[in-house]
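# Fold and contact review
In case you want the letters, here they are:
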Amino acid sequence: MSLHQGIILLCLTVGLLPTTLSPAWAGEEPSPPVSPVQAFSLEEALAAALRNRPELAAVRLELGAIPEKRTEAGQLPNPELGFELDNLASNLDEDEVEATISIQQPIETGGKRKARLRKIEAEAQLLDADFQVAWLEVAADVRLAYTEVLAGRERLALVREAELLAAELTEITRGRVEAGELAIIEESRASARLALAGTATAKESRRLAEAEQVLAATVGETAAITTAPEARLTEEPELPSLEQLNAGLQTAPPLARLRREQELRGAELAVERSAVSPDPTWFLALRQTPDQDGHALAMGVSLPLPLFRKNRAGLAEAGMRAARSDLYLAAEERKATGELAKTRANFAAALEESRTLRDQVIVRAEEAHQAVLEGYRQGKFRYADVLESSQALVEARLRRLETIVELHRAAVTLDRLAGQPLPPLTHLEERSNP
């Protein structure tokens, strides 16, 4: 090597050095380590949502104010203290100013105190029902988000197995091309198919990451979370009977809340009716007479005369609200019954489709694919035949997975409508091989 060539080689080597330096030697800040995603079981996710969700905290705050409202409603009306001066501007001779101190106490009639206490109790029961409804909705959201993460994991496993299958086909094709059994274009087609499978895997990885972010937001956690490693989707949730669902519907929190609202409207109407009764006020007065250097005590009662205002507007509005709550309850019962029947029908259809895919479509697609793959190794089939059989198998497995996800969504909806207790997530002993 000449001196001139050695100098050029040295310069090229020095020029390449900056690209091989670590970020610390290059003066760059090292990227912070990525914190691992925390795994939650379904029960842990529900417990976290119970702590974190603001709508539940808001109802708790309202419930916390009930004891003070109950105490206030049971108190007597406040008395009134009066002070009066007489003869301040009299034109009579020798009239001196007289001072009077009085205390007045209204006396409630018509069951006003009892009506107020009944209204507070109805408000407390309605708030408790509000909390149950809010918790039912939150729990359904958490279960749906948890199901989507589980489905994302299963979906990613399926496309990864499809990618492994594409890699196996590529190796087989490359061997046959090297042996002169296939044209080189077949290897290019197999490599393209492998690259396409890789993009599908990357896409499902992103979808899983998004589902984990949605789960974290639903639970109320700031950091990303995922499902427990051992958690799996149940193969086929059990289909509840329509009679069982309708029986649960009548005691479900949404309808129970409307009944509590009915009771509150009735209590409000009772308060307005009690307001029609006039409340007498008794008073006790002490009068001081300076000219006679004496004192006088006076007692009396005043009674309002309900001649003009008889609380007709309050009664009309309270009566309208009570009647409207009855109509809302009847409408909600019909709506919930129809939605429950529709969801159960969709559940039954998805269950039948899942069983057909499992027992007929997937079994036959697996048999056909294994036969075609073995024949391809022996040179009996074309690459297009193998590709078609593998695509049919992957599509059938993905379709069944989506059907199982639909079953879980329908199960969550049925539980929400019927107000069923939250069932534990059933774990599969073994996941169906996609």
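Rules behind the numbers
Residue positions are counted from 1 within each chain, in the order its sequence is given. For this predicted model, a pLDDT threshold of at least 70 governs which residues receive local features, and a threshold of 80 or more governs which side-chain atom pairs are given and counted, while totals over whole chains, interfaces and linings are taken from all residues. Excluded from the side-chain calculations are hydrogens and water; all other atoms, namely the structure's heavy atoms, are used. Working definition: helices are DSSP H or I runs of at least four residues, strands are E runs of at least two. Numbering for both runs from the N terminus. Partly exposed describes any residue whose relative accessible area lies between the buried limit of under 20% and the exposed limit of over 50%, with all areas from a 1.4 Å probe on protein chains only and scaled to the type maximum. The contact criterion used throughout is that any non-hydrogen atoms of two residues lie within 4.5 Å. Computed with a 1.4 Å probe, the accessible areas rest on the Shrake-Rupley method; for each residue, only the protein chains presented here act as cover. In this scheme, strands are said to pair when DSSP sees at least two bridges between them. Note on geometry: axes are lines fitted to C-alpha atoms, helical ones only across the stretch in contact, with angles between N-to-C directions running from 0 to 180 degrees. Oblique is the label for every angle not falling under 35 degrees (roughly parallel), over 145 degrees (roughly antiparallel), or within 65 to 115 degrees (roughly perpendicular). Crossings are classed by handedness, with left-handed meaning an anticlockwise turn of the near helix from the far one by less than a right angle and right-handed meaning a clockwise turn. Residues are grouped as follows: Ala, Val, Leu, Ile, Met, Phe, Trp, Tyr, Cys and Pro are nonpolar; Asp, Glu, Lys and Arg are charged; all remaining types, including Gly, are polar. The term polar contact refers here to a pair of N or O atoms within 3.5 Å; inside protein, the definition further demands a hydrogen-donor-capable atom paired with an acceptor-capable atom, and it admits residues adjacent in sequence only when both atoms are side-chain atoms. Residues enter a nonpolar core if they are buried and are Ala, Val, Leu, Ile, Met, Phe, Trp, Tyr or Cys, with the set joined through side-chain atoms within 4.5 Å. One side-chain nitrogen of Lys or Arg within 4 Å of one carboxyl oxygen of Asp or Glu is enough to make a salt bridge.

What follows deals with the overall build of the protein chain. Counting its regular elements, the protein chain contains ten helices and six strands. A total of 434 residues make up the protein chain; the buried ones form 33% of that total. Here the analysis covers contacts within the protein chain between residues at least 6 apart in sequence; of these, 82% occur between residues at least 24 apart. On the protein chain, roughly 26,200 Å² of surface is accessible, and the fraction owed to carbon and sulfur atoms is 57%.

The two faces of the sheet receive side chains in turn, since in a regular strand these alternate between them. The pairing of strand E3 (residues 98-106) with strand E5 (residues 281-289) spans eight bridges and is classified as antiparallel. Considered in E5, the bridge of Gln104 is made with Phe283.

This next bit is on the packing of helix H2 (residues 42-52) against helix H5 (residues 112-178). Here H2 crosses H5 at 140°, and the two axes come no closer than 10 Å. Viewed along their axes, H2 and H5 adopt a mutual orientation that is oblique. Of the two possible hands of crossing, H2 and H5 adopt the one that is right-handed. Within the contact between the two elements, H2 uses Leu42, Ala45, Leu46, Ala49 and Leu50 and H5 uses Phe131, Trp135, Val138, Ala139, Val142, Arg143 and Tyr146. Tallied by class, the residues present in the contact of H2 with H5 amount to eleven nonpolar, no polar and one charged.

When you line up the elements, Arg397 lands in helix H10 (residues 383-418). For Arg397, a relative accessible area of 17% corresponds to the buried category. A polar contact is formed between the side chain of Arg397 and the side chain of Glu366, at a distance of 2.9 Å.

This next bit is on the nonpolar core. With 34 residues, the main nonpolar core has Val142, Tyr146, Leu215, Val219 and Leu233 as its most contacted residues. Counting only elements with at least two residues in this core, the list comes to H2, helix H3 (54-64), H5, helix H6 (184-219) and H10. Per-element tally for this core: the top contributor is H5, with 14 residues. Among the nonpolar cores identified, the runner-up in size contains 16 residues, and Leu245, Leu329, Leu414 and Leu417 belong to it.

Here the focus is the side chain of His408. Take His408: it is sitting in helix H10. His408 sits in the buried class, given a relative accessible area of 8%. Setting aside anything within four residues of it in sequence, one finds His408 in contact with Thr147, Leu233, Thr234 and Pro237.

A full pass over the atoms with the stated rule returns 32 salt bridges. Across the pair Arg155 and Glu402 runs a salt bridge, and its minimum N-O distance is 2.9 Å. Placement of the pair is Arg155 in helix H5 and Glu402 in helix H10, with a sequence separation of 247 residues. Classification of Arg155 as buried rests on a relative accessible area of 5%. For Glu402, a relative accessible area of 24% corresponds to the partly exposed category. Glu366 serves as the salt-bridge partner of Arg397, at 2.9 Å between the closest nitrogen and oxygen. Of the two residues, Arg397 is situated in helix H10 and Glu366 in helix H9 (residues 312-377); the sequence distance between them amounts to 31 residues. For Glu366, a relative accessible area of 27% corresponds to the partly exposed category.

Phi at Asn311 is positive, roughly 60°, even though this residue is not glycine. Mapped onto the secondary structure, Asn311 falls in the loop between strand E6 (294-302) and H9. Note on Asn311: relative accessible area 24%, which makes it partly exposed.

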